[in-house]
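Descriptive structure summary
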Amino acid sequence: MHNRKKYQILIPAVLWILGGIQIIRYMMLGDMTALLTVTILELWFGLAAYASYRGNCPFFLLLAGFGAGICGFFTNHAETTWFNVIYLYQAVAAMLGGIIGTFQMIRKKEKPNRKWITPTAAVLTMFLVFLAVWGVSFWRVPGKQEAEREIWGVPEKFDSVPAQAQGTVEEFAYRTKAYATDIRDVTKTAMVYLPAGYDNNKEYNILYLMHGTGDDEKYWLVTHPENKTMLDQMIEQEIIEPLIVVTPTFYVENDCKDDLDVLTYSFREELRNDLMPAVENHYSTYAGTADEKGFSESRDHRAFAGLSRGAVTTIHSVICGSLDYFSWFGTFSGSRTDAKYFQETLQSEEFQDLPIHYWYISSGTFDFALPGQIVDYKGLLRTEPRLQEGVNISFDTYPMRYHSAGNWHISLYNCLQKIFTD
């Protein structure tokens, strides 16, 4: 009996130790929303492991293993980060312990004892508390006008009910070059959102909006039409002013398939030399002329935002490469830029005196990009005196969101309320 108890405590002890390490690592990151989420999860895993030990119920370990496996799947990425690999270690340990222990129980015809009742009740209580804490944030109040840091989703009426006056989305073709490779001529397309009542005699703010890896220029406005519905509603309800939205792609045919990061830098040339002149010569923006002078003078009326690798493109090609043309920014679930690069580019002689009006950053608590974003964000604040947290830069972490369309939908909703403001 004594040896069996020693065996039973081994796997729970491993889960507790790994869970403690995970909590400490998130404490060091310093994001309270993510820390609270991880702490609740680890307590849940720990209580399940304790229930398996106290009640001779090894199948409770399977519950902990399943939960840790799901967390590990969503919060790690083979190409970019294994920050949350501890979840995978916990999943393997718990599943092995649960399978082996359950098999031995069956083989020896053992039964759970009554000591499982209290820890099991604790597991269920923790789970209900977890749902209650985040559930309050998830419920979307029908009359709510503004999203806050604590909520999961955009208020329902903004993305599910078509506005009475609807804008249009059209395809826009332009000529450019393969700047990352052989500089050959290429024809590309972007999607353009025009607000209801668009008038060529009026001037409009313009937002360029980039997709992520594996998607294309249709992502924001066609593949996910709820974003277009949201734009229409926010304009109709006068939450934001009418604006033009352009959704290009960083892809250039089949170039750089083995190293897409090259495109996050080379897009700068396409943007400045080809896309912007073509778009803003055709549509009515604040640029008096579609050239360097016109773009520089109208930078206060121009924004760029993107998700995932599109966020990295926003940083490399726009914030750090075209600050003279843009002054409003949004980066969702992506960064991959250290403080040294920020300092070298943003504080270059060309950009050092240009104001940054607002930079909105966001991620989800289960987004694999989150740890890297936090590290880069802190490095940015240490080295860039023009950015003051809560004044012209902010970082929102959405509870329970992962690297997904729902995450970026609410990111766009919040970002639209930060850009082009007085």
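No experiment lies behind these values; they were computed from the predicted model shown.

Here's the deal with the side chain of His 316
Tracing the sequence through the fold places His 316 in helix 11 (residues 309-319). His 316 sits in the buried class, given a relative accessible area of 6%. There is a polar contact of 3.5 Å between the side chain of His 316 and the side chain of Tyr 265. Among residues more than four places away in sequence, those in contact with His 316 are Thr 264, Tyr 265, Gly 321, Ser 335, Arg 336, Thr 337 and Tyr 341.

With respect to the nonpolar core
With 69 residues, the main nonpolar core has Tyr 208, Leu 271, Phe 326 and Trp 359 as its most contacted residues. Broken down by element, the residue count for this core peaks at eight residues, all from helix 2 (residues 32-54). Among the nonpolar cores identified, the runner-up in size contains 32 residues, and Val 154, Leu 307, Trp 328 and Tyr 358 belong to it.

Section: the side chain of Asn 392
In this structure, Asn 392 sits in the loop between helix 13 (370-383) and strand 8 (393-398). Within the structure, the side chain of Asn 392 is placed 2.7 Å from the backbone nitrogen of Gln 388, a separation counted as a polar contact. For Asn 392, the contacting residues outside a window of four places in its chain are Ile 356, His 357, Tyr 358, Trp 359, Arg 386 and Leu 387.

Concerning empty space enclosed by the protein
Under the criterion given, the structure shown has three cavities of 30 Å³ or more. Roughly 50 Å³ of internal volume is contained in the second largest cavity. Lining the second largest cavity are Ile 315, Thr 331, Gly 334, Ser 335, Phe 342, Trp 359, Ile 361, Gln 373, Asp 376, Tyr 377 and Leu 380. Within the residue set of the lining of the second largest cavity, elements represented by two or more residues are strand 7 (358-364) and helix 13. Ranked by residue count, the leading element in the lining of the second largest cavity is helix 13, at four residues. For the lining of the second largest cavity, a count of residues per class yields six nonpolar, four polar and one charged.

So, the pairing of strand 5 (residues 302-307)
The buried count for strand 5 comes to six of six residues, which makes it a mostly enclosed element. As paired strands, strand 3 (residues 205-210) and strand 5 are joined by five bridges and run parallel to one another. Along strand 5, the bridge assignment pairs Leu 207 with Ala 303. For strand 5 and strand 6 (residues 328-332), the ladder comprises five bridges, and the chain directions are parallel.

Overview of the sheet that holds strand 5
Sheet strands pair via backbone hydrogen bonds, and the direction of the pair is either parallel or antiparallel. The sheet built from eight strands is open, its strands ordered 1-2-4-3-5-6-7-8 with mixed pairing. Each of the sheet's edge strands pairs with one partner strand only, and the pair in question is strand 1 (168-177) and strand 8. Each strand axis lies, on average, 20 degrees off the axis of its neighbour in the sheet, ignoring direction. Relative to strand 5, helix 11 is tilted by about 145 degrees, and along the sheet it contacts strand 3, strand 5, strand 6 and strand 7. Along the sheet, helix 13 contacts strand 6, strand 7 and strand 8; its crossing angle with strand 8, the most-contacted strand, is approximately 165 degrees.

Description of the environment of Gln 352
Mapped onto the elements of the fold, Gln 352 is located in the loop between helix 12 (339-346) and strand 7. Judged by its relative accessible area of 41%, Gln 352 is partly exposed. For the pair formed by Gln 352 and Gly 214, sequence separation is 138 residues and the distance between their alpha carbons is 34 Å. In contact with Gln 352, other than residues within four places in its own chain, are Leu 346, Gln 347 and Arg 386.

Thoughts on the pattern of salt bridges
Using the criterion set out here, one finds 16 salt bridges in the structure. Between Asp 232 and Lys 228 there is a salt bridge, with the nearest N and O atoms lying 2.9 Å from each other. Of the two residues, Asp 232 and Lys 228 both sit in helix 8 (residues 226-236), four residues apart, roughly one turn of that helix. The class of Lys 228 is buried, set by a relative accessible area of 13%. Here Glu 384 and Arg 386 are joined by a salt bridge, their closest N and O atoms 2.7 Å apart. Taken as a pair, Glu 384 and Arg 386 share a single burial class, namely buried. Sharing partners across several salt bridges, the network here consists of Glu 79, Asp 261, Arg 309 and Arg 336.

Topic: the packing of helix 12 against helix 13
Orientation of helix 12 relative to helix 13, taken along the N-to-C sense of each, is 40 degrees, at an axis distance of 8 Å. When the interaxial angle is binned, helix 12 and helix 13 end up oblique. Along this stretch, helix 12 crosses helix 13, giving a crossing that reads as right-handed. Across the interface between the two elements, Ala 339, Phe 342, Gln 343 and Leu 346 from helix 12 touch Asp 376, Gly 379, Leu 380 and Thr 383 from helix 13. Per-class residue counts for the contact of helix 12 with helix 13 are four nonpolar, three polar and one charged.

Some words on the packing of aromatic side chains
Overall, the coordinates contain 24 aromatic pairs when judged by the stated rule. Residues Trp 44 and Phe 45 carry aromatic rings whose centres are separated by 5.8 Å and whose planes lie at 35 degrees to one another, so their mutual orientation is tilted. Since its relative accessible area comes to 17%, Trp 44 is described here as buried. According to the relative accessible area criterion, Phe 45 is buried, its value standing at 2%. Aromatic side chains Phe 74 and Tyr 402 sit 4.5 Å apart centroid to centroid with 50 degrees between the ring planes, which places their arrangement in the tilted category. Of this pair, Phe 74 sits in helix 3 (residues 59-75) while Tyr 402 sits in the loop between strand 8 and helix 14 (405-416), and the two are 328 residues apart along the sequence. Judged by relative accessible area, Tyr 402 falls into the partly exposed class, the value being 35%. The ring of Phe 83 carries Arg 25 above its face, with NZ or CZ at 3.9 Å from the centroid. The ring of Tyr 325 has Arg 272 sitting right over it, with the charged end atom 4.0 Å from the ring centre.

What counts and what doesn't
Residues numbered from 1 in each chain as written. Predicted model: local features only at pLDDT ≥ 70, side-chain atom pairs only at ≥ 80, totals over all residues. Heavy atoms only, no water. Helix = DSSP H or I, 4+ residues; strand = E, 2+ residues; numbered from the N terminus. Buried < 20%, exposed > 50% of the residue type's maximum accessible area, 1.4 Å probe, protein only. Polar contact = N/O pair within 3.5 Å; in protein donor to acceptor, adjacent residues only side chain to side chain. Contact = heavy atoms within 4.5 Å. Core = buried A, V, L, I, M, F, W, Y, C linked by side-chain atoms within 4.5 Å. 1 Å grid on protein atoms, 1.4 Å probe; cavity = no way out; pocket = protein on both sides within 12 Å on 5 of 7 lines; lining within 4 Å. Points joined across faces, edges and corners; volume = space filled by probe spheres on them. Nonpolar A, V, L, I, M, F, W, Y, C, P; charged D, E, K, R; others polar. Pairing = 2+ DSSP bridges. Axes fitted to C-alpha atoms, helices over the stretch in contact; angles between N-to-C directions. Salt bridge = Lys/Arg side-chain N within 4 Å of Asp/Glu carboxyl O. Parallel < 35°, antiparallel > 145°, perpendicular 65-115°, else oblique. Left-handed = near helix turned anticlockwise from the far one by under 90°. Phe/Tyr/Trp six-rings, centres within 6.5 Å; stacked < 30°, edge-to-face > 60°. Lys NZ or Arg CZ within 6 Å of the ring centre and 35° of its normal.

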